Amino acid sequence: GIGFGPAMRPSRAWTWSAGLLLLVATGIGLAAGWMSEDARAAAFFCTGGLVLGASLVLVWTQLRGGTTGPAFAAGRGNLPRLAVRNAARHPGRSTLSIAMVASACFLIIAVSAFHLDPVGRAPQRSSGNGGFALIAETSQPVYQDLNTAAGRAELGMAPGDAAMWKSTRIVPFRVKAGDDASCLNLYKPQQPRILGVSQTMVQRGGFDWADSDTAMPDELANPWLLLDKNLPPDRDGTPRAPVVVEKNTATYALHLWNGVGETLDVTDSHGGKVRLVIVGLLNNGIFQGDLLISEQALLGHFPETSGYRYFLVETPPRHVGAITAALSTALGSYGVEVETTGQRIARFLAVQNTYLSTFQSLGGLGLLLGTLGLAAVELRNVFERRGELALLRATGFRRRTLAWLVMLENGLLLVGGLAVGGLAALVALAPHLLSGGASIPWASLAGTLLAVLAVGLAAGLGAVRAVLAAPLLPALRGE
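**A closer look at the overall build of the protein chain**
Consideration 1: For the protein chain, the helix and strand inventory stands at 17 helices and 10 strands.
Consideration 2: For the protein chain, the proportion of its 479 residues judged to be buried stands at 47%.
Consideration 3: Counted over contacts in the protein chain with a minimum sequence separation of 6, partners at least 24 positions apart contribute 77%.
Consideration 4: When the accessible surface of the protein chain is summed, it comes to about 23100 Å², and 61% of that surface belongs to carbon and sulfur atoms.

Now the structure itself:
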């Protein structure tokens, strides 16, 4: 085995430093509960980084202090014990090797966690789908009330299951056609599409709110009530109207960086200006790309907007297929398109998820290349230990056994890096995972990490071949 004198043992300060990092990480993680959503994401990412640093410090102190256990003991498993012991030969070099793999692994897993897949999620009132299961849009206005049997019959819709329609509610919106302001449009919209929010929707409430311009208890509980505010004209006489916008639409599409309180001028039906004042921001959801104002304000500034062309359907999951078929058949002549709210949100998130998949692939490629560097470090270790390997060979170790020893050492550093990086990433993402907000692509992520492990072990075969081919007798004579 490898001996360590007292001078080689690290001071307790390093252990205390690791403990301090973990304490700070715990404090940041607990404080994140009172932060905004963006600050919370940064806080948990910082927590994972601190856990990663603390883990690497503990690894270094274990290797530096020689507390890796005996090289040999009674029974089996002596070859792995010797491999662990040999990793402490150069603690700094081994720790840096583990740190390189761990950092890359941490970033790959953390980035993958921001991948979102809303298709399979159940509707929830406080989420981006607002508790609605379906979205139906028509190219022609519909004037009938789809919530009544008479209205459905007038549209030629079969009576169907009375219990199904009793558990289904359809909320209609008036539509003022305009430019697409979602992330799917590469250009800045000049006249975004406007949806008129009915009193039914205002009173119902729901959706995931990022911010709102109110301190009133009832409006805090239901920010949709802000759309009913009667705003006086601006100083220059321009009429104003409250509007609700999705956060990313306001920031990236409309360049309204300050969010709540920002204004946007649009042209009304008479060629005049209407100043829309942002009173609320929604998080990622089905309204990306649209401006939401009250139905009364929409009719006041755009009186030609007749009928309804946008419908949100709230229905239990068991009725989604039947409701979709009924709407598609009855409103076919109106140019209807029906899709689930999950599908709509997934379309909006396609750009973000594509970027994340690209970053994950590039990170995986970088980690694969890093494993080649790890193999180079192991190859250098082999050449530095020719005398030791020659001595082991002279005392009865077979070449194949020595080759397995080198492979175990290389695999130990590689698996150690993946384990440390994975642990730090899971700590950082624990709240995200427990809340159900993450849709980590486990299959592709596991494939990437397994490919890294396989390539790293394969690259280590270069060091193994060096062991098998090395003329150990001259090295022993040199010793």
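**A word on the confidence of the model for the protein chain**
Consideration 1: In this model, the protein chain carries an average pLDDT of 83, and 88% of its residues clear a pLDDT of 70 or more.
Consideration 2: The low-confidence segment residues 1–8, where pLDDT is below 50, has 10 contacts with residues more than four positions distant or belonging to other chains.

**With respect to the pairing of strand β9 (residues 308–314)**
Consideration 1: For β9, the buried fraction is high: 6 of the 7 residues fall into the buried class.
Consideration 2: In the sheet, strand β1 (residues 134–142) pairs with β9 via 5 bridges, with the strands oriented antiparallel. Bridge assignment links valine 142 to a residue of β9, and that residue is tyrosine 308.
Consideration 3: For strand β2 (residues 169–176) and β9, the ladder comprises 5 bridges, and the chain directions are antiparallel. Directly across from isoleucine 170, in β9, lies its bridge partner valine 313.

**What about helix α11 (residues 320–330)?**
Consideration 1: Where α11 is concerned, the buried positions are Val320, Ile323, Ala326, Leu327 and Ala330. Down the axis of α11, the sector holding all buried residues measures 135 degrees, keeping them to one side. α11 presents Gly321 and Thr329 as exposed residues on the side facing more than 90 degrees away from its buried surface.
Consideration 2: Considering only its buried residues, α11 is in contact with β1, α6 (162–166), β2, β9 and β10 (337–340).

**Some points on the pattern of salt bridges**
For side chains bearing opposite charge, pairing can occur when the charged atoms are close.
Consideration 1: One pass over the structure, following the stated rule, counts 13 salt bridges.
Consideration 2: Taking the shortest distance from any N to any O, the salt bridge between aspartate 236 and arginine 275 comes out at 3.3 Å. With a gap of 39 residues between them, aspartate 236 in the loop between α8 (217–221) and β5 (240–246) and arginine 275 in strand β7 (residues 273–282) connect regions that are remote in the sequence.
Consideration 3: The salt bridge involving aspartate 265 is made with arginine 275; its shortest N-O contact spans 2.8 Å. Taken as a pair, aspartate 265 in strand β6 (residues 263–267) and arginine 275 in strand β7 lie far apart in primary sequence, 10 residues in all.
Consideration 4: Assessed through its relative accessible area of 32%, aspartate 265 is described here as partly exposed.
Consideration 5: The exposure class of arginine 275 is buried, given its relative accessible area of 10%.
Consideration 6: A single salt-bridge network, built from bridges that share partners, covers Glu137, Arg193, Asp290, Glu339, Arg344 and Arg347.

Rules used in this analysis
- Residue numbers run consecutively from 1 along every chain, following the written order of its sequence.
- Side-chain atom pairs in this predicted model are given and counted only at pLDDT of 80 or more, local residue features only at pLDDT of at least 70, and totals for whole chains, interfaces and linings cover all residues.
- For side-chain calculations, the full set of non-hydrogen atoms in the structure is used, while hydrogens and water are omitted.
- By definition, any uninterrupted DSSP run of H or I lasting at least four residues is a helix, any uninterrupted run of E lasting at least two residues is a strand, and each is numbered from the N terminus.
- Partly exposed residues are those whose accessible area sits between 20% and 50% of the maximum for their type, while under 20% is buried and over 50% is exposed, using a 1.4 Å probe and protein chains only.
- Note on contacts: a residue pair qualifies if any of its non-hydrogen atoms lie within 4.5 Å across the two residues.
- Methods summary: accessible areas were calculated by the Shrake-Rupley approach with a probe of 1.4 Å, and residue burial reflects only the protein chains presented.
- Note: pLDDT gives the predictor's confidence per residue, expressed from 0 to 100.
- DSSP bridges decide pairing: two strands pair if at least two such bridges lie between them.
- Starting at the helix axis, one direction is taken to each C-beta atom, and the arc is that of these directions.
- Salt-bridge detection follows one rule: a side-chain nitrogen of Lys or Arg within 4 Å of a carboxyl oxygen of Asp or Glu.

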